[in-house]
Amino acid sequence: MKILAVDLGLARTGIAVSDVTESLASPVKTIEERHLDRLCETVAALAKEKGVGEIVVGHPCNMDGSHGESAQRAEGFAADLEAATGLPVTLWDERLTTVAATGYLNETNVRGKKRKQTVDQVAAVIILQNYLDSRR
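In what follows, the accompanying structure is described.

Criteria and thresholds
- Residues numbered from 1 in each chain as written.
- Predicted model: local features only at pLDDT ≥ 70, side-chain atom pairs only at ≥ 80, totals over all residues.
- Heavy atoms only, no water.
- Helix = DSSP H or I, 4+ residues; strand = E, 2+ residues; numbered from the N terminus.
- Buried < 20%, exposed > 50% of the residue type's maximum accessible area, 1.4 Å probe, protein only.
- Polar contact = N/O pair within 3.5 Å; in protein donor to acceptor, adjacent residues only side chain to side chain.
- Contact = heavy atoms within 4.5 Å.
- Salt bridge = Lys/Arg side-chain N within 4 Å of Asp/Glu carboxyl O.
- Pairing = 2+ DSSP bridges.
- Axes fitted to C-alpha atoms, helices over the stretch in contact; angles between N-to-C directions.

## Looking at the side chain of Glu54
Phase 1: Mapped onto the secondary structure, Glu54 falls in strand β4 (residues 52-59).
Phase 2: The class for Glu54 is buried, based on a relative accessible area of 7%.
Phase 3: Polar contacts involving the side chain of Glu54 include one to the side chain of Tyr131, which spans 2.4 Å.
Phase 4: At 3.2 Å, the side chain of Glu54 forms a polar contact with the side chain of Arg135.
Phase 5: Setting aside its immediate chain neighbours within four residues, Glu54 contacts Met1, Lys2, Ile3, Leu4, Pro88, Thr90, Tyr131 and Arg135.

What follows is the structure, encoded as structure tokens:
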């Protein structure tokens, strides 16, 4: 089964998808949308297009494990996405994924506008790959 991952941002949202064997996460796209209702519709359509059976949404908990404003936003988005798609939606701890994505882009020397577009996709890949690895 394919699984889609969402790295929810305020302005840009990264999307990644797994292969059918649930072994490898790959970047799909970055969606530039600030309105959660329109973003939900776009992600739901993408999930249908990609034929996924599950969605994982990054859950940005605070370092102490508490749930701040960003985590609550992700929780609400995940609930809306589940209602819109009828698919199971799992919240997955994404602490430090953007830091890891930025580090990866530094190592590969990705800079400028391309970096802005890529960092969210890389973060979504990291979220999804961590989720896939945990299921083995």
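## Quick notes on the side chain of Asp120
Phase 1: Inspection of the secondary structure assignment puts Asp120 in helix α4 (residues 112-134).
Phase 2: Other than its neighbours up to four places away in sequence, Asp120 contacts Asp7, Arg12, Thr13, Gly14 and Thr30.

## Observations concerning the pattern of salt bridges
Phase 1: Evaluated as defined, the whole model comprises five salt bridges.
Phase 2: A salt bridge links Arg12 to Asp120; the nearest nitrogen and oxygen atoms lie 3.2 Å apart. One end of the pair, Arg12, is in strand β2 (residues 12-18); the other, Asp120, is in helix α4, and 108 residues separate them in sequence.
Phase 3: Asp120 gets classed as buried once you look at its relative accessible area, which sits at 11%.
Phase 4: Between Arg135 and Glu22 there is a salt bridge, with the nearest N and O atoms lying 2.7 Å from each other. With Arg135 in the segment after α4 and Glu22 in the loop between β2 and β3 (25-32), the pair connects residues that are 113 residues apart, well separated along the chain.

## Some points on the environment of Gly9
Phase 1: The topology assignment puts Gly9 in the loop between β1 (2-7) and β2.
Phase 2: Exposure remark for Gly9: the relative accessible area of 15% places this residue in the buried category.
Phase 3: Sequence separation of Gly9 and Ala74 is 65 residues, and the distance between their C-alpha atoms is 9.1 Å.

## So, the sheet that holds β2
Phase 1: Strand order across the open sheet formed by five strands is β3-β2-β1-β4-β5, with mixed pairing between neighbours. For this open sheet the edge positions go to β3 and β5 (89-93), each flanked by a neighbour on one side alone. This sheet shows a mean twist of 25° between the axes of neighbouring strands, independent of strand direction.
Phase 2: Its contacts with the sheet place helix α2 (residues 69-85) against β1, β4 and β5, and it is angled at close to 165° to β4.

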